[in-house]
Amino acid sequence: AQDEFGNLAYGYQNINSAKQEQGNAYGGVTGSYTYADEAGVHTVNYVADDFGFRVAGDNLPVAPVYNAALPVAPVHAAAPVVDTPEVAEAKAAFFAAFEAEASRTKRSAQLGAFGPTAYAGLATGLLPAAPLLLLPMLPLLPPLPLPVKLSLPPSS
């Protein structure tokens, strides 16, 4: 039987077996069935939903339990890395140059004229990007003619 919401239920029973199943509109199904064979009566319960198909029964095989000891990986003591004479010489030269550069007096920027607000006008478009006073001083030169060579295909 099924209702207007998509839920369903059905089942049957006879002398050798029985089944009962319920489902819903979301695709989930639960049920069980029972049957008799030469080993006796067996019952299997199952669920099929978003988590997959899961089954439990009294006649399902059971995997053997593994009781052996886990293998232990061998541990090796690593030997320390020793620099070759060339590498030791290169390291010494590098650190000597590095210390000489680190001990040098550094120049500092003049923050009064070049603070964070010095270029604020350029970013907003309020100040020109180039000095306008230098433009009239530039000599205006006529453009130079460029040589143009045209080659036409021969007419036939």
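Here the structure is a predicted model, which is why all the values come from computation and not from measurement.

1. Some thoughts on the pairing of strand S3 (residues 29–37)
Taken together, the seven bridges between strand S2 (residues 17–23) and S3 define a ladder with antiparallel strand orientation. The residue of S3 that forms the bridge with Gly23 is Val29. Where S2 folds back on S3, the antiparallel hairpin that results is connected by five residues, among which Gly27 adopts a positive phi of roughly 95°. As paired strands, S3 and strand S4 (residues 40–49) are joined by nine bridges and run antiparallel to one another.

2. Focus on the pattern of salt bridges
Going through the model one piece at a time under the given rule, you end up with four salt bridges. In this structure, Arg54 engages Asp49 in a salt bridge whose closest nitrogen and oxygen atoms are separated by 2.9 Å. For Asp49, a relative accessible area of 31% gives the class partly exposed. For Asp83, the salt bridge is made with Lys91, and the minimal N-O distance between the two is 2.8 Å.

3. Details of the pairing of strand S1 (residues 8–13)
Bridging between S1 and S2 involves six bridges; their strand directions are antiparallel. Note on S2: the bridge partner recorded for Ala9 is Gln22.

4. Some words on the environment of Asn59
Mapped onto the secondary structure, Asn59 falls in the loop between strand S5 (52–57) and helix H1 (85–102). Exposure remark for Asn59: the relative accessible area of 28% places this residue in the partly exposed category. Within polar-contact distance, the side chain of Asn59 engages the side chain of Tyr35 at 2.4 Å.

5. Some words on the packing of aromatic side chains
According to the stated counting rule, one finds five aromatic pairs in the structure shown. Centre to centre, the rings of Tyr33 and Tyr46 are 6.3 Å apart; their planes meet at 45°, and the pair counts as tilted. On the criterion of sequence distance, the pair formed by Tyr33 in strand S3 and Tyr46 in strand S4 is long-range, its members being 13 residues apart. Exposure remark for Tyr46: the relative accessible area of 9% places this residue in the buried category. Three or more aromatic residues link up through ring pairs in this structure, and these residues are Tyr33, Tyr35, Tyr46 and Phe53.

How each quantity is defined
Residues numbered from 1 in each chain as written. Predicted model: local features only at pLDDT ≥ 70, side-chain atom pairs only at ≥ 80, totals over all residues. Heavy atoms only, no water. Pairing = 2+ DSSP bridges. Helix = DSSP H or I, 4+ residues; strand = E, 2+ residues; numbered from the N terminus. Salt bridge = Lys/Arg side-chain N within 4 Å of Asp/Glu carboxyl O. Buried < 20%, exposed > 50% of the residue type's maximum accessible area, 1.4 Å probe, protein only. Polar contact = N/O pair within 3.5 Å; in protein donor to acceptor, adjacent residues only side chain to side chain. Phe/Tyr/Trp six-rings, centres within 6.5 Å; stacked < 30°, edge-to-face > 60°.

Honestly, that's just the spatial picture; any functional story needs more than this.
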